[in-house]
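Each chain is listed here by its residues.
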Amino acid sequence: MATKMTVQFNLFGGTVLKLGTKRHHDKLLAGIDTLEDIGCFGLTELGYGNNAIEMETTATYDKSTQEFIINTPTTLAQKYWITNGAIHAKHIVVFAQLYVDGKHYGIHGVLVRIRDDNMKVMPGVRVEDMGYKIGLNGVDNAKLFFDNVRVPRENLLNRYSDVAEDGSFTTSIESNRKRFLTVADQLLSGRICIASMSQGGSKTALTIALRYAATRLTVGPKGQSDTPILNYQLQQRALLPLLATTYAINFGLDYVKDRWAFQNEDGSEHQEVVTMCCAIKTLAGWNLHDVASTTRERCGGQGFLACNGLGIAIASAHASMTAEGDNCVLMQKVAQERLMAFTTLPVDDEKKEDLSDVTYLHNLLKKRENTMFMTLGMKLMAAGKDGRFDTWMYKESDLVQGAARAYGERLVSERFAETISAADASCQDILQQIYHLYLLTVMERNLGWFVTSGTMSVDTGAKVNAAAADACRVIAPQTLNLCEAFAITDSMLSAPIARDWVEYNVRDNQGEVI
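As a starting point, this report considers the structure included with it. Quantities reported herein were computed from a predicted structural model and do not represent experimental measurements.

### Concerning the environment of Ala 313
Here's step 1: The residue Ala 313 is located in helix H8 (residues 310-322) in this model.
Here's step 2: Judged by its relative accessible area of 8%, Ala 313 is buried.
Here's step 3: For Ala 313, the contacting residues outside a window of four places in its chain are Ala 205, Leu 288 and Ala 292.

This is the structure in structure tokens:
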């Protein structure tokens, strides 16, 4: 439902609000709010996902009737993975190549009715269900085709560009590429929505797994089943770094939300906000993937039961990593935008190596980001204009991905430190402990780079694992309180192992939540 509502209110509704004008608002906004007018967002095509600017769907203006003719010219041009389209939507914002008098004006959004008020598919529109998926089968994804479907001229979303009755085209945006970036801008807030859903999934899965770990008793020092598995280092080292990372990403996401919502109206901050939105979406999605897989495994057979909800988290993670931009492709964008605006971060080269010092660890993150972007920049300069594509796409993909991730993790660390400084005094100690574990987790995952690059000495690198294990032991007694802070109710968790799982098994439950 979260996915469907995100499309309804953000991608569809938000596009009508931001790209439309009074004539569209008066007609649709009230119905969008009440769900009388459910819609979908028609950007992706079978042959054009990450390179949507090359899409084939056309919107050709017919002066004689003052209509746009919406057409799907090839199989590759069918609109693909269109959420809400298979069952519930009456409307779609079709993104199409606009033609007037044979001249091409780039991609624009046009409102097209795909079902009437009785939910019968409109003439000239073909709707097909995408079929059974590995998860999220409550979401109706569609393929849509348009066979020269005619819509009124007024259906063009005309906030920035318009076509008059006589076919004259006016625009406030000078190039076709910039117009595309403007009309597709709702994807930006969509990425924030997906990051938020990923965080919800991570918090839920961790709460389920950690509650179970605190109540599942097994062999203790005396051979009796009297010890919670949460006491074991195995369980702590698997779950608590993920808990710390989830907290860290949440503070980063809160910051990105604020930057997106309150950016300067003159657009001066927009590109920076775009970069942050792309980075936080990928980090949150990858974290959910790690959380879902690890919590499923650490809950044993109980984690394999569908009623305990961890399978949903796994499927949701895969949806998150793909929807609104493939994560790795988005990281290419992060690296590109960051490189264009890059200036070296100030670092302290005299900082004493001390794994207990969060300022030392954060300093390492800044050094990594500086080194990776400077290395990438030098390689691109050496390749020259003719060799740039090959260097970026065929030779230095690992460096591109690593630089983008270095930026994202440094940003998250920075926001965590800021959050601690602004927090209530009673919360600062535990937040500092979580922050410390987050930083050590980043070090562990990238230990090879930190040591081989000379950013961290071999002797200090050899102590990272033990330091992370100690940090887990410190946080472990507060684990359930940290999960409680997520404020996810029992009914929302809806997982027997997160509640009284012994009572749940008193009777034949058929693996259902009752």
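### A few points about the pattern of salt bridges
Here's step 1: As enumerated under the stated definition, the model contains 31 salt bridges in all.
Here's step 2: Measuring nitrogen to oxygen at the nearest pair gives 2.4 Å for the salt bridge that ties Asp 140 to Lys 4. Here Asp 140 is found in the loop between strand E7 (125-129) and strand E8 (141-146), whereas its partner Lys 4 is found in helix H1 (residues 2-19), with 136 residues between them in sequence. We note that Asp 140, like Lys 4, is buried.
Here's step 3: Residues Glu 369 and Arg 410 are paired through a salt bridge, measuring 2.6 Å at the closest nitrogen-oxygen approach. Placement of Glu 369 in helix H10 (residues 358-395) and of Arg 410 in helix H11 (residues 397-422) is noted, with a sequence separation of 41 residues between them.
Here's step 4: Residue Glu 369 is classed as buried on the basis of its relative accessible area, which comes to 0%.
Here's step 5: The network of salt bridges with shared partners includes Arg 338, Glu 369, Arg 410 and Glu 414.

### Digging into the side chain of Glu 409
Here's step 1: Secondary-structure assignment places Glu 409 in helix H11.
Here's step 2: Of the residues examined, Glu 409 reaches a relative accessible area of 6% and is grouped as buried.
Here's step 3: Of note is the side chain of Glu 409, whose polar atom sits 2.6 Å from the side chain of Arg 368.
Here's step 4: Apart from residues no more than four positions distant in its own chain, Glu 409 is found in contact with Leu 283, Leu 365, Arg 368, Tyr 438, Val 442 and Asn 446.

### Observations concerning the packing of aromatic side chains
Here's step 1: Summed over all chains, the structure comprises 11 aromatic pairs.
Here's step 2: An aromatic cluster is defined as three or more aromatic residues linked by ring pairs; in this entry it consists of Tyr 247, Phe 251, Phe 416, Tyr 435 and Phe 486.
Here's step 3: Positioned above the aromatic ring of Phe 145 is the side chain of Arg 126, whose terminal nitrogen or guanidinium carbon lies 3.7 Å from the ring centre.
Here's step 4: A cation over a ring is seen here: Arg 415 above Tyr 255, with NZ or CZ 3.8 Å from the ring centre.

### Here's the deal with the sheet that holds E7
Here's step 1: With respect to topology, 3 strands assemble into an open sheet ordered E4-E8-E7, the strand pairing being antiparallel. For this open sheet the edge positions go to strand E4 (79-83) and E7, each flanked by a neighbour on one side alone. The average undirected angle you get between the axes of adjacent strands in this sheet is 35 degrees.
Here's step 2: Direction of pairing for E4 relative to E8: antiparallel, over a ladder of 3 bridges. Across the sheet, residue Thr 83 finds its bridge partner in E8, namely Asn 141.

What counts, and where the lines are drawn
Residues numbered from 1 in each chain as written. Predicted model: local features only at pLDDT ≥ 70, side-chain atom pairs only at ≥ 80, totals over all residues. Heavy atoms only, no water. Helix = DSSP H or I, 4+ residues; strand = E, 2+ residues; numbered from the N terminus. Buried < 20%, exposed > 50% of the residue type's maximum accessible area, 1.4 Å probe, protein only. Contact = heavy atoms within 4.5 Å. Salt bridge = Lys/Arg side-chain N within 4 Å of Asp/Glu carboxyl O. Polar contact = N/O pair within 3.5 Å; in protein donor to acceptor, adjacent residues only side chain to side chain. Phe/Tyr/Trp six-rings, centres within 6.5 Å; stacked < 30°, edge-to-face > 60°. Lys NZ or Arg CZ within 6 Å of the ring centre and 35° of its normal. Pairing = 2+ DSSP bridges. Axes fitted to C-alpha atoms, helices over the stretch in contact; angles between N-to-C directions.

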